[in-house]
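Here is how the chains run, residue by residue.
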Number of protein chains: 4
Amino acid sequence: MSLPSSTTKLTQRAELQRERILNAAQTCFIEHGFHAAGMALIAQAADMSPSLIYRYFDSKNAIILAIVERQVANGRTAIRNLYYAPDFTAAAYEAFTQWRTADPRIMNAALFLEMTAEASRNPTLASAFVTSDQELRAEISNWLSASVADGGKGLSVEVAQWRAICIQCFMEGLAIRALREPELSPTKLKLAITDFAAGMFAV
Amino acid sequence: MSLPSSTTKLTQRAELQRERILNAAQTCFIEHGFHAAGMALIAQAADMSPSLIYRYFDSKNAIILAIVERQVANGRTAIRNLYYAPDFTAAAYEAFTQWRTADPRIMNAALFLEMTAEASRNPTLASAFVTSDQELRAEISNWLSASVADGGKGLSVEVAQWRAICIQCFMEGLAIRALREPELSPTKLKLAITDFAAGMFAV
Amino acid sequence: MSLPSSTTKLTQRAELQRERILNAAQTCFIEHGFHAAGMALIAQAADMSPSLIYRYFDSKNAIILAIVERQVANGRTAIRNLYYAPDFTAAAYEAFTQWRTADPRIMNAALFLEMTAEASRNPTLASAFVTSDQELRAEISNWLSASVADGGKGLSVEVAQWRAICIQCFMEGLAIRALREPELSPTKLKLAITDFAAGMFAV
Amino acid sequence: MSLPSSTTKLTQRAELQRERILNAAQTCFIEHGFHAAGMALIAQAADMSPSLIYRYFDSKNAIILAIVERQVANGRTAIRNLYYAPDFTAAAYEAFTQWRTADPRIMNAALFLEMTAEASRNPTLASAFVTSDQELRAEISNWLSASVADGGKGLSVEVAQWRAICIQCFMEGLAIRALREPELSPTKLKLAITDFAAGMFAV
DNA sequence: CATGAATGAGTGTTCATTCAT
DNA sequence: AATGAATGAACACTCATTCAT
């Protein structure tokens, strides 16, 4: 029992270091952008030497890839918060707010947009996004078509599909608003969300 | 008469050169991203030497700034196409399609997102966007609150304000969709737009 | 006539720079070896910035390749000195001496050996050497089989072929001696050369 | 009695480890060259961790030095094969062949040349070679001047000295041929060797 | 005895920018 | 107006070496 734990510990340490690097990198990427954040800066943020990073990641690109993967996973939980919430407007407004956090566990808007822009040039990213976005939308669609008793909105399957697209566009549009107009009046924004939701949830 | 015309000609030529550079730069930025597109590449695309670019722009950053400014202006005309159009769905779908063009007169989605992400780091950009986006939204709002006879939707001024926010989010959300799921089913997308518009235009 | 000369001048300058770099690189390679001579050192020796080197050569490897090519060409003239000379012993001894010069127009022994060793790992080099060495040997062979009246040694074509191999081995063996025993007694060495030549030139 | 044996065992083990490292290093050096073969590669070839190597050698340079020393010793036995052999031509041709083996007990041509080139920059190496090469040549000389009854060639002591130089040059020249023209016709090469030997062994 | 973790100095290379012509 | 030549600072990355365990 002690030996297995020892070997596990080694792997755990490595995993811990990887996460430390990813968090540092993410912070740097948010603050300076993918390219402007050099390995030296990331290393400094992770409190280690640049060379050590290469023990855990093959290249800077591998770091970016790893962050993208992690964020794709995080994205799903972010959406779930939306339809598990009792008050859609409040939840969506919080989403708007959170787009600007630097918390590495939560998707950051600048990172999201830069990743998305990069997808138009990097096929690997592109196909990863296609898959993940379709799955995400399917989940939204399921929620909309579930019965009200089950916490859904009771829409027909067909309608749910269109509406899922609308909601996805709207929520991601909020990311852009969050970056370009962070001071956008909360009152008006909440009214807008409520209005939008009313249309989307109408049978 | 000859001298003034000569100086005017020079200025005209200068303006022409600036535009040639901006067009070349924009193409390069779309294809490779802001940082990966080097001055050498831009110069080649503009069919001139890199040094000559510095006669017309102080730095690479100034080029980016100029493109942003130009695009801010273009953005307005893009939105206008929307409410001048008889068929909103068709117009919005065309907007989705055009987000991916490389035509320098039309806003490109990758460029738009990269610019937006950059705004979170560059205060100059940020304030430019705040102003331009507010103006844009005001225009949408005016359209929505104009009488049907005048080509508007006859909404109350208050409601029009919220709806303008919704429409802005939705249309920009389409930019993200255009990049991440370019193969998204046109049929479903059009249905989604129609559905969304129905809610937005309802009195 | 004037314009062509102008364009020629530009090319001449570039060619001059290339040669300046090659000479500097060769000196550095001789003094420190291929790998230990960094671009910074070469640049310093050429009295220019490291980046400027990249205007004239694609990579450090391209520089090495260029030096090899140049030396392959030089090798031929070196051999020719041998059989144009009235006194073979004196000429061969001078060859021994010159193996250690740093003059970039003359093959240096350390460079020669390092290039040769590298050939066992780099196929491009390898095939370049095969060709050049065969041509070189053919020339020696022709010399040996030419009539005495024509400055040759009057050997049969067959014998000349073997002897050319012997001479090539011997002369290149001198390169190794020049490096490992630079203080080798000139007297004994000359006697050795004379003795060797007597055997080689005997009908 | 137990303790001494224990320490002896340790020393034996240490010596074994050193040889394991040297063999691994030599293989790597032959395959990749001195500089391109990193400590990590050598360690992997020796099936141990890079850090452990430093328990047995002070530095990478020390490993190179040790290999050189070992090869200096091996060189002597290689030459002995030559004059112990009944058929000089066959023996010399085999030497040509063996210049390209990777067997760490036998001198490899690429290694030999790289070491020799290095000697022009490293005085320690240089003086080691001077000594060893002189001894080697003395041995050849003794062989040539020994009576035919004793397996020698019966040459005068004076002539033997020159001829030894010739033979050394020729045999080492074969190393260069082996690297640059490994496909050199065996038939012609053997004829060349025979011809050369005839001249060398003539009284 | 043996290792994985860690580092600092160095590698070749790129690129926005300046300047003489 | 226009260019080729030139540079310095930065880049991602490597590697021989050390050290705690």
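Sequence order as written defines the numbering, with residues in each chain counted from 1. Think of it this way: whatever chain is written first is A, whatever ligand is written first is 1, and the rest follow in order. Only residues with pLDDT of 70 or above have their local features reported here, since the model is predicted, and side-chain atom pairs are shown and tallied only from 80 upward, although totals for entire chains, interfaces and linings are computed over all residues. Computation of side-chain values: all heavy atoms of the structure, hydrogens and water removed.

**Brief notes about the overall build of chain A**
This is how it is decided: In this description a helix means any DSSP run of H or I spanning at least four residues, a strand means any run of E spanning at least two, and both kinds are numbered starting from the N terminus. The buried label applies to any residue whose accessible area, calculated with a 1.4 Å probe on protein chains only, is under 20% of its type's maximum; exposed applies above 50%, and partly exposed to all values in between. Any two residues having at least one pair of non-hydrogen atoms within 4.5 Å are treated as being in contact. Method for areas: the Shrake-Rupley scheme with a 1.4 Å probe, in which residue coverage is limited to the protein chains shown.
Scanning chain A from terminus to terminus reveals 9 helices and 0 strands. Counting helices and strands in the order they occur from the N terminus, chain A gives α-α-α-α-α-α-α-α-α. Seen through its C-alpha atoms, chain A measures out along the principal axes to roughly 55 × 45 × 30 Å. Counting all 203 residues of chain A, 47% fall into the buried class. When contacts within chain A are restricted to residue pairs at least 6 apart in sequence, long-range pairs at least 24 apart make up 65% of them. Working note: accessible area of chain A is about 9,700 Å², and carbon and sulfur atoms make up 56% of it.

**Details of the interface of chain D and chain C**
Rules: The quantity reported as buried area is the accessible area (1.4 Å probe) lost by two parts once they are put together, taken as the sum for both. By convention in these notes, a salt bridge is any Lys or Arg side-chain nitrogen within 4 Å of a carboxyl oxygen on Asp or Glu. We call two N or O atoms a polar contact when they sit within 3.5 Å, provided that within protein one can donate a hydrogen and the other can accept it, with sequence-adjacent residues counted only if both atoms are side-chain atoms. By the convention adopted, Pro, Cys, Tyr, Trp, Phe, Met, Ile, Leu, Val and Ala count as nonpolar, Lys, Arg, Asp and Glu as charged, and the other residues, Gly among them, as polar.
Taken together, the contacts link 45 residues of chain D with 46 residues of chain C. For the pair chain D and chain C, the two sides together bury roughly 4,100 Å², of which 63% comes from carbon and sulfur. For chain D, the biggest contributors to the area lost against chain C are D:Arg121, D:Trp162 and D:Arg180; these three give 18% of the whole. Our count for the contact surface shared by chain D and chain C stands at 12 salt bridges. In this structure, the salt-bridge partner of C:Arg180 is D:Asp133, at a minimum N-O distance of 2.8 Å. Applying the counting rule to chain D against chain C returns 17 residue pairs in polar contact (both at pLDDT 80 or more). The dominant element in the side of chain D that touches chain C, judged by the number of residues it contributes, is helix H8 (residues 157–180) of chain D, at 16 residues. Partitioned by chemical class, the residues of the side of chain D that touches chain C number 24 nonpolar, 9 polar and 12 charged.

**Observations concerning the interface of chain B and chain A**
On the side of chain A, 46 residues touch chain B, which itself brings 45 residues to the contact. Between chain B and chain A lies a buried interface of about 4,100 Å² when both sides are counted; carbon and sulfur atoms form 63% of it. Contact with chain A buries surface across chain B, with B:Arg121, B:Trp162 and B:Arg180 losing the most and accounting together for 18% of the total. Two residues, B:Arg163 and A:Asp195, come together in a salt bridge whose shortest N-O distance is 2.5 Å. Linking chain B with chain A are 17 residue pairs in polar contact (both at pLDDT 80 or more), by the criterion used here. Where the side of chain B that touches chain A is concerned, the elements lending two or more residues are helix H1 (2–32), helix H6 (109–119), helix H7 (123–145), helix H8 (157–180) and helix H9 (186–201) of chain B. Top contributing element to the side of chain B that touches chain A by residue count: H8(B), with 16 residues. Residues of the side of chain B that touches chain A, tallied by class, amount to 24 nonpolar, 9 polar and 12 charged.

**A few points about unusual backbone geometry**
Residue and element names in this part refer to chain C. Here the phi dihedral of aspartate 47 falls at roughly 60°; this positive angle occurs in a residue that is not glycine. Here aspartate 47 shows up in the loop between helix H2 (39–45) and helix H3 (50–56). Overall, aspartate 47 belongs to the exposed group, its relative accessible area being 65%.

**As for the pattern of salt bridges**
Pairs may arise between side chains of opposite charge once their charged atoms sit close together. Under the criterion given, the structure shown has 46 salt bridges over all chains. Across the pair B:Glu118 and B:Arg121 runs a salt bridge, and its minimum N-O distance is 3.5 Å. Assessed through its relative accessible area of 28%, B:Glu118 is described here as partly exposed. A single network of salt bridges, built from pairs that share partners, joins A:Asp133, A:Arg137, A:Glu172, B:Arg177, B:Arg180 and B:Glu181.

**A look at the packing of aromatic side chains**
Formally: Two rings from Phe, Tyr or Trp (for Trp, the six-membered ring) form a pair when their centres sit within 6.5 Å of each other. Planes less than 30 degrees apart are called stacked, planes more than 60 degrees apart edge-to-face, and all others tilted. Here, a charge over a ring means that NZ of Lys or CZ of Arg falls within 6 Å of the ring centre while also lying within 35 degrees of the ring normal.
As enumerated under the stated definition, the model contains 38 aromatic pairs over all chains in all. On the numbers, 4.9 Å between centres and 75° between planes, the contact of A:Phe29 with A:Phe34 is edge-to-face. Overall, the relative accessible area of 0% leaves A:Phe29 in the buried class. What makes A:Phe34 buried here is its relative accessible area of 10%. Aromatic pair A:Tyr83 and A:Tyr84: ring centres 5.5 Å apart, planes at 70°, arrangement edge-to-face. Its relative accessible area of 65% is what places A:Tyr84 among the exposed residues. Taken together, the ring pairs in this structure connect A:Tyr83, A:Tyr84, A:Phe88, A:Trp143 and A:Phe201 into an aromatic cluster. If you follow B:Arg180 out to its NZ or CZ, it ends over the ring of A:Phe129, 3.9 Å from the centre.

**Concerning the protein's contact with DNA strand F**
Rules: Whether a residue is near a molecule or strand depends on its heavy atoms: it is near if one of them lies within 4 Å of it.
In the vicinity of DNA strand F lie 29 residues, with A:Lys60, B:Arg13, B:Ser51, C:Gln17 and C:Ser51 positioned nearest. A breakdown of the atoms of DNA strand F within 4 Å of the protein gives sugar and phosphate a share of 53%. If you list the elements that add at least two residues to the surface near DNA strand F, you get helix H3 (50–56) of chain A, H1 and helix H3 (50–56) of chain B, helix H1 (2–32) and H3 of chain C together with helix H3 (50–56) of chain D. Here the surface near DNA strand F is composed, by residue class, of 11 nonpolar, 12 polar and 6 charged.

**Quick word on the relation of the copies chain B and chain A**
The line we're drawing: Copy-to-copy alignment: least squares on C-alpha atoms, limited to residues at pLDDT 70 or above in both.
The two copies are related by a screw motion: chain B maps onto chain A through a turn of 179° and a shift of 0.0 Å along the axis, at an RMSD of 0.3 Å. A rotation of that kind, with that shift, is consistent with a two-fold axis. Using C-alpha coordinates, one finds that chain B approaches the rotation axis most closely at B:Gly173, a distance of 2.0 Å. With an isologous cut-off of 70% or more, the 100% of interface residues of chain B that recur at the interface of chain A puts this contact in the isologous class.

**As for helix H6 (residues 109–119) of chain A**
All names here are of chain A. For H6, the tally of buried residues reaches 10 of 11 residues, placing the bulk of the element in the interior. Within H6, the full set of buried residues consists of Ala109, Ala110, Leu111, Phe112, Leu113, Glu114, Met115, Thr116, Ala117 and Ala119. One side-chain oxygen of the residue at the start of H6 lies 2.8 Å from the amide nitrogen of alanine 110, identifying that residue as asparagine 108.

**Side note on the environment of C:Lys153**
Residues and elements named next belong to chain C. One can find lysine 153 in the loop between helix H7 (123–145) and helix H8 (157–180). Spatially, the C-alpha atoms of lysine 153 and glutamate 31 are 39 Å apart, while their sequence positions differ by 122 residues. In contact with lysine 153, not counting residues within four places along its chain, are Trp143, Leu144, Ala146, Val148 and Phe201.

**Things to note about the relation of the copies chain D and chain C**
Of the transformation superimposing chain D on chain C, the axial component is 0.0 Å and the angular component is 179°, with the fit at an RMSD of 0.3 Å. Here 100% of the interface residues in chain D have copies in chain C that are interface residues too; the copies meet face to matching face.

**Observations concerning the arrangement of the chains**
Across the gap from chain B to chain C, with no contact made, the nearest C-alpha atoms are 13 Å apart. Across all C-alpha pairs, the smallest distance from chain A to chain D is 13 Å, and the two are not in contact.

**What about the protein's contact with DNA strand E?**
Every one of the 29 residues lining DNA strand E counts as a neighbour, but A:Ser51, C:Tyr54, C:Lys60, D:Arg13 and D:Ser51 are closest to it. Between B:Tyr54 and DNA strand E, the recorded distance is 2.8 Å, taken from a side-chain N or O atom to a phosphate oxygen. At the level of elements, helix H1 (2–32) and H3 of chain A, H3 of chain B, H3 of chain C together with helix H1 (2–32) and H3 of chain D are the ones that each hand at least two residues to the surface near DNA strand E. Of the residues assigned to the surface near DNA strand E, the class counts are 11 nonpolar, 12 polar and 6 charged.

**A word on the environment of B:Asp87**
Positionally, B:Asp87 belongs in the loop between helix H4 (60–84) and helix H5 (88–98). Separated by 107 residues in the primary sequence, B:Asp87 and B:Thr194 place their C-alpha atoms 9.8 Å from one another.

**A word on the packing of helix H8 (residues 157–180) of chain A against H8(B)**
For clarity, the cut-off: Axis geometry follows a simple rule: fit a line to the C-alpha atoms, using only the stretch in contact for helices, then measure angles between N-to-C directions, giving values from 0 to 180 degrees. Any angle between 65 and 115 degrees counts as roughly perpendicular, while under 35 counts as roughly parallel, over 145 as roughly antiparallel, and the rest as oblique.
Running from N to C, H8(A) and H8(B) cross one another at 100°; their axes reach a closest spacing of 6 Å. On the basis of their axis angle, the class for H8(A) and H8(B) is roughly perpendicular. In this structure, H8(A) uses A:Cys166, A:Gln168, A:Cys169, A:Phe170, A:Glu172, A:Gly173, A:Leu174, A:Ile176 and A:Arg177 to contact H8(B), whose residues at the interface are B:Cys166, B:Gln168, B:Cys169, B:Phe170, B:Glu172, B:Gly173, B:Leu174, B:Ile176 and B:Arg177. By residue class, the composition of the contact of H8(A) with H8(B) is 10 nonpolar, 4 polar and 4 charged.

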